[in-house]
Amino acid sequence: MNALKKHYIVPGDDFTRAGEASGKVKGTLKQLGYNSDVIRRVAIAMYEGEINMVIHAGGGEADVSIYPDRVEIILSDHGPGIPNVELAMQEGYSTAPDDVRSLGFGAGMGLPNIKKYTDEMRIDTKIGVGTQMYMTIRVHP
């Protein structure tokens, strides 16, 4: 089965543009007739990932594959990597700088929310090289 594939650049210097890719994917899923639960879960998980790339990695790329039974998302960046993924997965843990927190971001809920709203999530990270996050959201009847 062929997938509809989309590729987006996530700019790393502008919080006002973070979320553009997830917004476009949300619109595409609506046009294709996906149910509101799938659309909501994809939009939340992808948005959280985009924000993380802006805060921690100077932006990155998002590749989305839309299948009839699932949506697969790969977020890739060339940031500093995540030193301790287990710690980063804890609600409330954040390494966001104060200036980012003053904007209302960096509360330490990004990765926990991604895990909550996806059916599968995997993080591959290498210090000094970057991070790839793989997410799958299944279409439940």
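Here the structure is shown first, and the text comes after it.
Within every chain, residues take consecutive numbers counted from 1 along the sequence as written. Under the rules for a predicted model, residues below a pLDDT of 70 receive no local features and side-chain atom pairs below 80 are neither given nor counted, while totals for whole chains, interfaces and linings still include all residues. Here the side-chain values reflect all heavy atoms present in the structure, with hydrogen atoms and water set aside.

Draft legend 1. Summary view of the overall build of the protein. The helix and strand labels rest on DSSP assignments: H or I over at least four residues marks a helix, E over at least two residues marks a strand, and numbering proceeds from the N terminus. Helix and strand counts for the protein stand at five helices and five strands. Our radius of gyration is a C-alpha quantity, and the globule rule it is checked against amounts to 2.2 Å times the number of residues to the power 0.38. In terms of overall dimensions, the protein is globule-like: its C-alpha atoms have a radius of gyration of 14 Å, near the 14 Å expected for 141 residues. Counting only C-alpha atoms and orienting by the principal axes, one finds that the protein spans roughly 40 × 30 × 25 Å. Burial classes follow relative accessibility: with a 1.4 Å probe on protein chains only, a residue under 20% of its type's maximum area counts as buried, one over 50% as exposed, and anything between as partly exposed. Burial status across the protein gives 43% buried among its 141 residues. Contact criterion: two residues are considered in contact whenever any of their non-hydrogen atoms come within 4.5 Å of each other. Considering only intrachain contacts with a sequence separation of at least 6, the fraction spanning at least 24 residues in the protein is 64%.

Draft legend 2. A look at the pattern of salt bridges. Should a side-chain nitrogen of Lys or Arg be within 4 Å of a carboxyl oxygen of Asp or Glu, the pair is scored as a salt bridge. Tallied over the full model, the rule gives eight salt bridges. Where Arg70 meets Asp69, a salt bridge forms, and the shortest distance between an N and an O atom there is 2.8 Å. Judged by its relative accessible area of 17%, Arg70 is buried. Here Arg70 makes a salt bridge to Glu72, at a shortest N to O gap of 2.6 Å. Classification of Glu72 as partly exposed rests on a relative accessible area of 26%. Because the salt bridges share partners, they merge into one network encompassing Asp37, Arg40, Arg41 and Asp119.

Draft legend 3. Expanded view of the pairing of strand E5 (residues 130–138). In this structure, strand E3 (residues 70–77) lies alongside E5, joined through eight bridges in antiparallel fashion. Bridge pairing in E5 links Val71 to Ile137. For two strands to be treated as a pair, DSSP must find no fewer than two bridges joining them. One ladder, built from seven bridges, connects strand E4 (residues 120–126) with E5; its direction is antiparallel. Residue pairing across strands places Glu120 opposite Thr136, the latter belonging to E5. Hairpin connection of E4 to E5: three residues between the antiparallel strands, including Gly128 at a positive phi of 80°.

Draft legend 4. Structural detail: the packing of aromatic side chains. Ring pairs shown here join Phe, Tyr and Trp side chains whose ring centres sit within 6.5 Å, with only the six-membered ring taken for Trp; geometry is labelled stacked below 30 degrees between planes, edge-to-face above 60, and tilted in between. On inspection of all chains with the given rule, the structure shows zero aromatic pairs. Put simply, a charge is over a ring when the Lys NZ or the Arg CZ is close to the ring centre, within 6 Å, and near the line of the ring normal, within 35 degrees. In this arrangement the basic side chain of Arg70 is found over the ring face of Tyr67, its NZ or CZ atom lying 3.8 Å from the centre. The ring centre of Tyr134 lies 4.0 Å from the NZ or CZ of Arg122, which sits over that ring.

Draft legend 5. Examining the side chain of Glu48 more closely. Following the sequence through the fold, Glu48 ends up in helix H2 (residues 36–57). Despite being buried, Glu48 has no salt bridge partner; Lys116 is the closest side chain of opposite charge, sitting 9.5 Å away. Here a polar contact means two N or O atoms within 3.5 Å. Within protein one must be a hydrogen donor candidate and the other an acceptor candidate, and residues neighboring in sequence count only if both atoms are side-chain atoms. In this structure the side chain of Glu48 is engaged in a polar contact, spanning 2.9 Å, whose partner is the side chain of Asn113. Ignoring anything within four residues of it in the chain, the contact list for Glu48 reads Met109, Gly110, Asn113 and Ile114. Charge assignment: positive for Lys and Arg, negative for Asp and Glu; neither His nor the chain ends contribute.

Draft legend 6. Summary view of helix H5 (residues 110–117). In terms of burial, H5 is largely enclosed, as six of its eight residues are buried. Looking only at H5, the buried set comprises Gly110, Leu111, Pro112, Asn113, Ile114 and Tyr117. Against H2, helix H3 (85–88), E4 and E5 lie the buried residues of H5.

The values are spatial; any link to function lies outside them.
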